[in-house]
Amino acid sequence: MNSIILAAGRGSRIPEISNNKPKCLININDSSILSRQVKFLKNSKIKNIIIIRGYKKNYIKFKSVNYVENKNFKKSEQLSSLFCAEKFLKGNIIILFSDIIYEEKILKKIIKFKNGDIVLGVDRNWKKRYRFRYDHPVEQADKVSISNKNQINMIGKKLNLKKTKAEFLGIMKLTNNGCKIFKKCFKLIPKHQVKKMQVHNFLNFLIKKNFKINACSVNGKYMEIDTYNDFELAKKIFKKK
């Protein structure tokens with residue numbers, strides 16, 4: 001199994017830290033977000049880890065990790081960044097956002113999940129995390145609508161709260177067939193649109209093309225680090241015992 005971590009962005013909403021280094025290298029209780037992810041992946045016997053770098057790329061250095069450069073990171077979004085590593089989109093693969101911190105059991109459950117070619121890790125108890133996120137309201141979450149068959153009907157910030165069943169956690173699993181679907185459908189999108197697309201935009205495109213995307217519901221500690229307040233909350237949530 002391969003893994004791709006999207007780590008090309010700067011993190012402009014947290015300049016107190018990202019002015020000096022990539023957001024993914026923020027230390028939370030003596031360990032950076034990215035080093036924690038790499039450790040968890042290696043613990044799960046995932047040997048081929050690919051990190052997509054861009055902003056201040058030379059700061060991101062880990063042993064036994066492969067790197068892909070997004071040279072156009074200033075003018076592109078998540079989807080373009082992901083497809084900088086298109087040649088690695090094969091076999092079973094885990095794709096992760098680099099600004100998320102979570103318990104290891106969350107990753108393990110998604111890795112073991114067998115139902116579907118495209119699987120998203122989701123949290124159905126997501127609203128409780130937003131209680132103290134005063135600068136990141138629920139409207140900004142990657143909300144998810146899920147059918148009775150556990151398939152995702154829609155994803156994104158624009159989804160009505162009444163239709164929301166969960167939040168996408170920024171962890172995704174593809175089978176080899178899922179990778180083929182991604183590469184086939186990516187070619188259908190005009191290049192000028194790709195530059196503006198986030199991963200959730202692409203997932204909605206797949207849904208409209210009638211491809212099935214399954215939800216893997218997880219429980220455990222999790223936090224997206226998007227603002228300085230998120231950083232402070234994460235330090236409390238993941239405080240060492």
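Residues numbered from 1 in each chain as written. Predicted model: local features only at pLDDT ≥ 70, side-chain atom pairs only at ≥ 80, totals over all residues. Heavy atoms only, no water.

A short note on the overall build of the protein chain
Line of reasoning, step 1. Scanning the protein chain for helices and strands turns up eight helices and eleven strands.
Line of reasoning, step 2. For a compact globule of 241 residues, the expected C-alpha radius of gyration is about 18 Å, and the protein chain comes in at 17 Å, within 12% of that figure.
Line of reasoning, step 3. Dimensions of the protein chain along its principal axes, counting C-alpha atoms only, are 45 × 40 × 35 Å.
Line of reasoning, step 4. Here the protein chain holds 241 residues, and the buried ones make up 52% of them.
Line of reasoning, step 5. Within the protein chain, contacts between residues at least 6 apart in sequence are counted, and of these 71% link residues at least 24 apart.
Line of reasoning, step 6. Surface exposure of the protein chain reaches about 12,400 Å², of which carbon and sulfur atoms provide 48%.
Line of reasoning, step 7. With 54 positive and 18 negative side-chain charges, the protein chain shows a separation of 6 Å between the mean positions of the two kinds. (Helix = DSSP H or I, 4+ residues; strand = E, 2+ residues; numbered from the N terminus. Rg over C-alpha atoms; globule rule 2.2 N^0.38 Å. Buried < 20%, exposed > 50% of the residue type's maximum accessible area, 1.4 Å probe, protein only. Contact = heavy atoms within 4.5 Å. Areas by Shrake-Rupley, 256 points an atom, 1.4 Å probe, with all protein chains shown as cover. Lys, Arg positive; Asp, Glu negative; His and termini not counted. Charge placed at Lys NZ, Arg CZ, Asp CG, Glu CD.)

Quick word on the pairing of strand β9 (residues 166-174)
Line of reasoning, step 1. With respect to burial, β9 is a largely interior element, nine of its nine residues being buried.
Line of reasoning, step 2. By the bridge criterion, four bridges tie strand β4 (residues 93-97) to β9 in an arrangement that is antiparallel. Residue pairing in the sheet places I93 in a bridge with L174 of β9.
Line of reasoning, step 3. Inspection of the sheet shows strand β6 (residues 118-123) paired to β9 by five bridges, in the antiparallel sense. Each residue of the ladder has a partner; that of I118, found in β9, is L174.
Line of reasoning, step 4. Strand direction decides the pairing type here: strand β7 (residues 143-146) and β9, joined by two bridges, are antiparallel. (Pairing = 2+ DSSP bridges.)

A look at helix α5 (residues 176-186)
Line of reasoning, step 1. Those residues of α5 lying buried are G178, C179, I181, F182, C185 and F186. When α5 is viewed along its axis, its buried side chains cluster within an angular range of 160° and face the same direction. For α5, the exposed residues lying more than 90 degrees away from the buried face are K180 and K184.
Line of reasoning, step 2. Those residues of α5 that are buried lie in contact with α3 (78-82), β4, β6, β9, α6 (191-194) and α7 (199-208). (Arc of directions from axis to C-beta.)

A short note on the layout of surface pockets
Line of reasoning, step 1. By volume, the largest pocket amounts to about 940 Å³.
Line of reasoning, step 2. Every residue lining the largest pocket is counted, 35 residues in all, and those nearest its centre are K23, E77, Q78, D99 and Q198.
Line of reasoning, step 3. Those elements that provide at least two residues to the lining of the largest pocket are β1 (2-7), α3, β9 and β11 (222-224).
Line of reasoning, step 4. Tallying contributions element by element places β9 first for the lining of the largest pocket, with four residues.
Line of reasoning, step 5. Here the residues of the lining of the largest pocket are counted per class, giving eleven nonpolar, 13 polar and eleven charged. (1 Å grid on protein atoms, 1.4 Å probe; cavity = no way out; pocket = protein on both sides within 12 Å on 5 of 7 lines; lining within 4 Å. Points joined across faces, edges and corners; volume = space filled by probe spheres on them. Nonpolar A, V, L, I, M, F, W, Y, C, P; charged D, E, K, R; others polar.)

A word on the side chain of R133
Line of reasoning, step 1. Within the secondary structure, R133 is located in the loop between β6 and β7.
Line of reasoning, step 2. Reaching out from R133, the side chain makes a polar contact with the backbone oxygen of E224 at a distance of 3.4 Å.
Line of reasoning, step 3. Of note is the side chain of R133, whose polar atom sits 2.8 Å from the side chain of D230.
Line of reasoning, step 4. Contact partners of R133, with chain neighbours within four places excluded, come to M223, E224, D226, N229, D230 and L233. (Polar contact = N/O pair within 3.5 Å; in protein donor to acceptor, adjacent residues only side chain to side chain.)

Some words on the packing of α5 against α7
Line of reasoning, step 1. Across the interface, α5 lies against α7 with an axial gap of 11 Å and an inter-helix angle of 95°. Regarding the angle of α5 to α7, the classification is roughly perpendicular. The segment α5 lies against α7, with I181, F182, C185 and F186 engaging F202, L203, F205 and L206.
Line of reasoning, step 2. Of the residues contributing to the contact of α5 with α7, the split by class is eight nonpolar, no polar and no charged. (Axes fitted to C-alpha atoms, helices over the stretch in contact; angles between N-to-C directions. Parallel < 35°, antiparallel > 145°, perpendicular 65-115°, else oblique.)

Here we look at the nonpolar core
Generally speaking, nonpolar side chains in soluble globular proteins are found buried as a group.
Line of reasoning, step 1. By size, the foremost hydrophobic cluster in this structure holds 41 residues, and its most contacted members are I4, L120, L174, F182, F202, L203 and L206.
Line of reasoning, step 2. Apart from residues no more than four positions distant in its own chain, F202 is found in contact with L79, F182, C185, F186, I189 and M197.
Line of reasoning, step 3. One finds L34, L41, I46 and C216 within the second-largest nonpolar core, a separate group that totals 28 residues. (Core = buried A, V, L, I, M, F, W, Y, C linked by side-chain atoms within 4.5 Å.)

Describing the packing of aromatic side chains
Line of reasoning, step 1. All chains considered together, the criterion is met by nine aromatic pairs.
Line of reasoning, step 2. Residues F83 and F202 carry aromatic rings whose centres are separated by 6.2 Å and whose planes lie at 80° to one another, so their mutual orientation is edge-to-face. Separated by 119 residues along the polypeptide, F83 in the loop between α3 and β4 and F202 in helix α7 bring together distant segments of the chain.
Line of reasoning, step 3. Seen in terms of ring centroids, Y228 and F231 are 5.3 Å apart; in terms of plane orientation they differ by 65°. Their pairing is edge-to-face. Of this pair, Y228 and F231 both sit in helix α8 (residues 228-237), three residues apart, which is roughly one turn of that helix. (Phe/Tyr/Trp six-rings, centres within 6.5 Å; stacked < 30°, edge-to-face > 60°.)

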